[in-house]
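Spelled out, the chains give:
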Amino acid sequence: MLWIKALHIIFVTSWFAGLFYLPRLFVNHAMVIDTATQERLSLMEHKLYRFMLPLAVLALVFGLWLWLGYGISGGWMHAKLLLVAGLIGYHVYCGKLMRDFKSGKNTHSHVWYRWFNEAPVLILFAVVILVVVKPF
């Protein structure tokens, strides 16, 4: 089970790297007006998002494996699972935002994306505290 836990942590960390970087690309994309830069950023967003998907799936697979091995016990785990569900929703919403940029339908400012970029940081903060401290 220690190998499964290690792989879970590796894939979660890798997935979070993408979740931190993709909205930063959105910030830059919302600020540029020239077509060449917009197309380059769209390509970068697409490649990153496509790479993030298997990382997310593997993080979830190894997390489920741990869940089956150890079971769900404690309110902290339920809270963590709720945050993970929110993170999956965030990931999916990033895909929608990426498609909006590609089709020229972005309606948000770079300031909005700067705030949007903070959500995974807050979720990571909460999940680490829940897993390590197990407050309830």
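Anything mentioned here points back to the structure above.
The rules we used
Residues numbered from 1 in each chain as written. Predicted model: local features only at pLDDT ≥ 70, side-chain atom pairs only at ≥ 80, totals over all residues. Heavy atoms only, no water. Helix = DSSP H or I, 4+ residues; strand = E, 2+ residues; numbered from the N terminus. Buried < 20%, exposed > 50% of the residue type's maximum accessible area, 1.4 Å probe, protein only. Phe/Tyr/Trp six-rings, centres within 6.5 Å; stacked < 30°, edge-to-face > 60°. Axes fitted to C-alpha atoms, helices over the stretch in contact; angles between N-to-C directions. Parallel < 35°, antiparallel > 145°, perpendicular 65-115°, else oblique. Contact = heavy atoms within 4.5 Å. Nonpolar A, V, L, I, M, F, W, Y, C, P; charged D, E, K, R; others polar.

Caption draft 1: Highlighting unusual backbone geometry. The phi torsion at K134 lies on the positive side, around 50°, for a residue other than glycine. Along the chain, the position of K134 falls in the segment after α5 (119-133). For K134, a relative accessible area of 42% puts it in the partly exposed group.

Caption draft 2: Here's a closer look at the packing of aromatic side chains. According to the stated counting rule, one finds eleven aromatic pairs in the structure shown. Seen from their ring centres, Y93 and F116 are 5.8 Å apart, and the 65° between their planes marks the pair as edge-to-face. Taken together, the positions of Y93 in helix α3 (residues 75-102) and F116 in helix α4 (residues 110-116) put the pair 23 residues apart, joining distant regions of the chain. For Y93, a relative accessible area of 31% puts it in the partly exposed group. Taking the centre distance of 5.0 Å and the plane angle of 90° together, the rings of W112 and Y113 count as edge-to-face. Given the relative accessible area of 31%, W112 is considered partly exposed. Ring pairing ties together the aromatic residues F26, Y90, Y93, F101, W112, Y113 and F116, which thus form one cluster.

Caption draft 3: A look at the packing of helix α1 (residues 2-31) against α5. Their axes nearest at 9 Å, the elements α1 and α5 cross at an angle of 150°. In this view, α1 runs roughly antiparallel relative to α5, as classed from their interaxial angle. On α5, the residues touching F16, L19 and F20 of α1 are P120, V121 and L124. Of the residues contributing to the contact of α1 with α5, the split by class is six nonpolar, no polar and no charged.

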